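Notes for the structure review
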Amino acid sequence: MTGDPFVDHRGLLFTVAYEMLGSAADAEDVLQESWLRWADVDRARVRDPRAYLVRVVTRQALNRLRALSRSREEYVGEWLPEPLLTSPDVAEDIELAESVSIAMLTVLETLGPTERAVFVLREVFELPYGEIAEAVGKSAATVRQIGRRARAHVAARRPRMRVSGAEQRAVVERFLAALRTGRLQELMEVMAPDVVLIADGGGVATAALAPLHGAALVAGVLARANQAMDPLATTTVWLNGAPAVRLEVDGEPTALSVVVDGGQITRVYLMRNPHKLTRLDQPAPLAR
């Protein structure tokens, strides 16, 4: 412990902001804004610094999320969250790993700002409804209703992700081996017939503008991408609490995350937007 609650709880505060925003850069900005407010507080009057700081960060993240909503509506192609480099230890906290997965963050993007805040604070961080109500400026009864709607919304859209890290890593290694060969049949065998690929180029890098469906189509696209890949720069890494792939395409970094079910890949998330790949060498301070 440092004696400064903000420093002691920084990992938690960053994770709250990141899960609400899907962007490490925006999360860092929120933490900076929150720190400035914390610096002006009479700390002798703060009974629970952790809860107080979570409220401050939540309010700042809500403000930013509402400000960002218009720009995300105008985003070119599919929007995916910013992938983060994590240690294998994050995967050991199953709830945390699932909550920061690319699949979950993509589902959270379909919630409204207040629904997202309530879901994250309740389902991930298990805050009491009273504290959440203070953070989002609603009554506890309203927050309970919002929470029920958000849970139902997420449950209807979240991919099944309950597989062991060892199983996911084995499938990712098989996928990577097939990707390096560029052989269609090998790629198709590691993917489910109804696999979906979602790519994010942000209008800056080449990427499909809409989701691609089906093993044959997805395998064909990945096989063609293999021709532009640097095989020496294609490695397995831990992103957002799960085994994933980092590769170089046309000399530019690319991050590839997957959802595994039944020993096959059911979802592929391909991040090509260079503005979202600046932190692939910086382990993220995720914590609950």
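Residues numbered from 1 in each chain as written. Predicted model: local features only at pLDDT ≥ 70, side-chain atom pairs only at ≥ 80, totals over all residues. Heavy atoms only, no water.

A short note on the sheet that holds strand 3 (residues 235-239)
For clarity, the threshold we go by: Only strands that DSSP links by at least two bridges are regarded as paired with each other. Runs of E in the DSSP output that reach at least two residues are strands. Runs of H or I that reach at least four are helices, and both are numbered from the N terminus. In what follows, residue pairs with any heavy atoms lying within 4.5 Å of each other are defined as contacts. Angles shown run from 0 to 180 degrees and are taken between the N-to-C directions of axes, each axis being a line fitted to C-alpha atoms and, for helices, limited to the stretch in contact.
Strand order in the open sheet formed by 6 strands is 2-1-6-5-4-3, and the pairing between neighbours is mixed. The sheet is open, and its two borders are formed by strand 2 (212-213) and strand 3, each paired with just one other strand. Bridge count for strand 1 (residues 191-200) against strand 6 (residues 264-271) is 6 bridges, and the pairing is parallel. Looking at strand 6, one finds that Leu-197 is bridged to Val-268. Of the strands in this sheet, strand 3, strand 4 (242-249), strand 5 (252-261) and strand 6 touch helix 11 (residues 165-181), which is tilted by about 20° from strand 4. Running at roughly 50° to strand 1, helix 13 (residues 215-226) makes contact with strand 1 and strand 2 of the sheet.

Observations regarding the pairing of strand 6
Where strand 5 and strand 6 come together, 7 bridges link them in antiparallel fashion. Within the sheet, the bridge partner assigned to Ala-255 lies in strand 6 and is Met-271. Where strand 5 folds back onto strand 6 in an antiparallel hairpin, the turn is made up of 2 residues, including Gly-262, whose phi is positive at roughly 65°.

Here we look at the pattern of salt bridges
Condition: The working definition used for a salt bridge is a side-chain nitrogen of Lys or Arg within 4 Å of a carboxyl oxygen of Asp or Glu. Using a 1.4 Å probe on the protein chains alone, a residue whose accessible area is under 20% of its type maximum counts as buried, one over 50% counts as exposed, and one in between counts as partly exposed.
Inspection of the entire model under this criterion finds 16 salt bridges. Close ionic contact of Arg-183 with Glu-186 constitutes a salt bridge, the shortest N to O distance being 3.1 Å. In this structure Glu-186 comes out as partly exposed when scored by relative accessible area, which is 30%.

Remarks on the side chain of Asp-4
Inclusion rule: Each polar contact in these results corresponds to two N or O atoms within 3.5 Å; when the atoms are within protein, one needs to be able to donate a hydrogen and the other to accept it, and residues that are neighboring in sequence are counted only if both atoms are side-chain atoms.
One can find Asp-4 in the segment before helix 1 (5-8). With a relative accessible area of 16%, Asp-4 lands in the buried category. Within the structure, Asp-4 has its side chain in polar contact with the side chain of Trp-38 (distance 3.3 Å). If we ignore the near neighbours within four places in the chain, the residues touching Asp-4 are Trp-35, Trp-38 and Arg-43.

What about the environment of Asp-200?
Of note, Asp-200 is situated in strand 1. Overall, Asp-200 belongs to the buried group, its relative accessible area being 0%. Each C-alpha atom, one on Asp-200 and one on Val-90, is 25 Å from the other, the two residues being 110 residues apart in sequence. Among all residues touching Asp-200, those that are not within four sequence positions of it are Tyr-75, Glu-78, Trp-79, Leu-80, Ala-207, Leu-270, Met-271, Arg-272, Asn-273 and Lys-276.

Looking at helix 3 (residues 24-39)
Within an α-helix, residues lying three or four positions from one another point in the same direction, as the helix has 3.6 residues per turn. Note the threshold: Helices are assigned an expected span. That span is 1.5 Å times one less than the residue count. An arc is given here, and it is the one of the directions from the helix axis to the C-beta atoms.
For helix 3, spanning 16 residues, the distance from its first C-alpha to its last is 22 Å, which sits close to the expected 22 Å at 1.5 Å a residue. For helix 3, the set of buried residues is Ala-24, Asp-26, Ala-27, Val-30, Leu-31, Ser-34 and Trp-38. One side of helix 3 carries all its buried residues, which in axial view fall inside an arc of 150°. Where helix 3 is buried, its residues meet helix 1, helix 2 (10-21) and helix 4 (49-73). The opening residue of helix 3, the one whose side-chain oxygen lies 3.4 Å from the backbone nitrogen of Ala-25, is Ser-23.

Some words on helix 9 (residues 129-136)
Taken together, the buried positions of helix 9 are Tyr-129, Ile-132, Ala-133, Ala-135 and Val-136. Projected onto a plane normal to the axis of helix 9, the buried residues spread over an arc of 165° and lie on a single side. Packed against the buried residues of helix 9 are helix 4, helix 8 (113-124) and helix 10 (140-157). Positive backbone phi, at 75°, marks Gly-137, one or two positions downstream of helix 9.

Focus on the environment of Glu-186
Tracing the backbone shows Glu-186 in helix 12 (residues 184-190). Setting aside residues no more than four positions away along its own chain, Glu-186 makes contact with Ala-178 and Thr-181.

Structural notes on the confidence of the model for the protein
Note the cut-off: The score called pLDDT rates the predictor's confidence residue by residue, from a low of 0 to a high of 100.
Here the protein averages 91 in pLDDT, and 98% of its residues register 70 or above. Mean pLDDT in the protein bottoms out at helix 5 (residues 88-92), which sits at 83, and peaks at strand 2, which reaches 97.

Considerations on the nonpolar core
We count it as follows: Joining through side-chain atoms within 4.5 Å is the link that ties buried Ala, Val, Leu, Ile, Met, Phe, Trp, Tyr and Cys residues into a set, and such a set is a nonpolar core.
Ranked by size, the top nonpolar core spans 50 residues in total, and within it Phe-14 and Leu-108 carry the most contacts. Elements with a contribution of two residues or more to this core: helix 2, helix 3, helix 4, helix 7 (102-108), helix 8, helix 9 and helix 10. Ignoring sequence-local partners within four residues, the contact set of Leu-108 consists of Glu-19, Arg-116, Phe-119, Val-120 and Val-154.

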